[in-house]
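Reading the structure
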Amino acid sequence: MSDGELLAGRTVIVSGVGAGLGHQVAAAVVRDGGNAVLGARTEANLAKCAAELDPQGARTAYLPTDIGDEAQCEALAALARDRFGGVDAVVHVAAWDSYFGGLQDADFDTWRQVIDVNLLGTLRMTRACLPALKERGGSVVIIGTQSAVAAPSQVWQAAYAASKGALTSAMYSMARELGPDRIRVNTVLPGWMWGPPVQAYVQFTAQSEGVPQDEVLGRLTERMALPELATDGDVANAAVFLASDRARAITGQQLLVNAGELMH
C-alpha cells in the first residue's frame, strides 16, 4: 500500500469543517485516496472546502450539520451511506473552543453549552455513525486538546479542557464497548497548533503588547523539544493515520501532537 492509497476506497466523515483543522483533515482524506463527507454548521464553509479539494465532486459530499442536533447527525451519516455506500471512519473536529476563563469567573450556563457541544455532540455524532461502522468495522478519531491533560499557562480555557477531558473517559468506555464490532476509538491531543486560531492569537498578542509577532511565537516554541510548532496539517496527518488500517491494533489511546512540549 503506497502513501497515496492509505484510505483508498474508504469513506470518512469529518465534522467541524472550516478554514483550519477540519479543512486539513478533509484535505488529508482526499489526498490519501478516501471519500470525505463534510459536516459543519455553515454551508458556505463546506461548499468552499469541497470545491477546493474536489472540483469534480467525485470524492466529497457535504451537509450543514449541528452536532447538537441528533437528527442532523443522523442525516450526515445517512449521506455518507447513500453517496458512498458506508462509513469507515469519523473524525470529530467540531467543538466550541472560543469560551475562555477559569473557575473563579465561570458562567456555568455557558459551561453546560460547551459540554453539550464538545462531549455530548461528539457522542451524538458517533452514535449516528454506529450502524454503518458496525457493518465492516472502522475508526472513531476524536480531536482532543493537550489542555485536557496539562493546564496551559498562557490561555485559560477551563470549560473546553474539562469537556475534552470528559471525552477521554468516554473514549476508554467506547473503545471497550465497540471493540467487539472491530470499531477502534482514539484521540489526538494537539498542543499549540499553527493554524488560523494560533495565528490570530499571535497577531493579537503582538499588537496588544506592541512587540513583534516573532517574539510572541518564540515564547511558545521555546518550550518545545522541536524548534517549531506542530501545524494543523500535522494533526490532520495523525488523525488520518488513526482512521486507517495502519492503526488496526490501536484503540483506547491518546496521541499528543505537540512538538514535544509535553511528553507522556
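Read on for a plain summary of the structure. (Residues numbered from 1 in each chain as written. Predicted model: local features only at pLDDT ≥ 70, side-chain atom pairs only at ≥ 80, totals over all residues. Heavy atoms only, no water.)

Focus on the pattern of salt bridges
Rule in force here: Any carboxyl oxygen of Asp or Glu within 4 Å of a side-chain nitrogen of Lys or Arg constitutes a salt bridge here. The secondary structure listing takes helices from DSSP runs of H or I that are at least 4 residues long and strands from runs of E that are at least 2 residues long, numbered from the N terminus. Accessibility here uses a 1.4 Å probe with only protein chains present; expressed as a share of the type maximum, an area under 20% marks a residue as buried, one over 50% as exposed, and anything in between as partly exposed.
Summed over the entire model, instances satisfying the criterion amount to 10 salt bridges. Glutamate 135 is paired through a salt bridge with arginine 81; the nearest N and O atoms lie 2.1 Å apart. Here glutamate 135, found in helix α4 (residues 108-136), pairs with arginine 81, found in helix α3 (residues 70-84); they are 54 residues apart in sequence, far enough to count as distant. Judged by its relative accessible area of 48%, glutamate 135 is partly exposed. Under the relative-accessibility criterion, arginine 81 is labelled partly exposed at 33%. Between glutamate 215 and arginine 219 there is a salt bridge, with its nearest N and O atoms 3.3 Å apart. Note that glutamate 215 and arginine 219 are positioned in helix α7 (residues 213-221) at a spacing of four residues, about one turn of the helix.

A look at the packing of aromatic side chains
Our working rule: Each Phe, Tyr or Trp ring, with Trp reduced to its six-membered ring, pairs with another whose centre is within 6.5 Å; inter-plane angles below 30 degrees give stacked pairs, above 60 give edge-to-face pairs, and intermediate values give tilted ones.
Applying the stated criterion to the full structure yields two aromatic pairs. Relative to tryptophan 111, the ring of phenylalanine 108 has its centre 5.6 Å away and its plane inclined at 70 degrees; by these criteria the two rings are edge-to-face. Remark: tryptophan 111 and phenylalanine 108 occur in helix α4; sequence separation between them is three residues, near one turn of the helix. When its relative accessible area of 44% is taken as the criterion, phenylalanine 108 is described as partly exposed. Aromatic side chains tryptophan 192 and tyrosine 201 sit 5.1 Å apart centroid to centroid with 40 degrees between the ring planes, which places their arrangement in the tilted category. You can call tryptophan 192 buried: its relative accessible area is 13%.

Focus: the sheet that holds strand β5 (residues 138-143)
Threshold: When DSSP locates at least two bridges between a pair of strands, those strands are taken to pair. Here an axis means a line fitted to C-alpha atoms, over the contact stretch when the element is a helix, while the angle between two N-to-C directions is reported on a 0 to 180 degree scale. Residue contacts are defined here by distance: any two heavy atoms, one from each residue, within 4.5 Å place the two residues in contact.
Taken together, the seven strands give an open sheet; going across it, the order is β3-β2-β1-β4-β5-β6-β9, and neighbouring strands pair in parallel fashion. Bordering the open sheet on either side are β3 (60-64) and β9 (254-257), each of which pairs with just one other strand. Each neighbouring strand pair of the sheet contributes to a mean axis angle of 20 degrees, computed without reference to strand direction. Bridge analysis of strand β1 (residues 11-15) against strand β2 (residues 35-40) gives five bridges, and the strand direction is parallel. Bridging across to β2, serine 15 finds its partner in glycine 39. Packed onto the sheet, helix α1 (residues 21-31) meets β1, β2, β3, β4 (89-92) and β5 and runs at close to 165 degrees relative to β2. Contacts from α3 reach β1, β2 and β3, with the element oriented near 160 degrees to β3.

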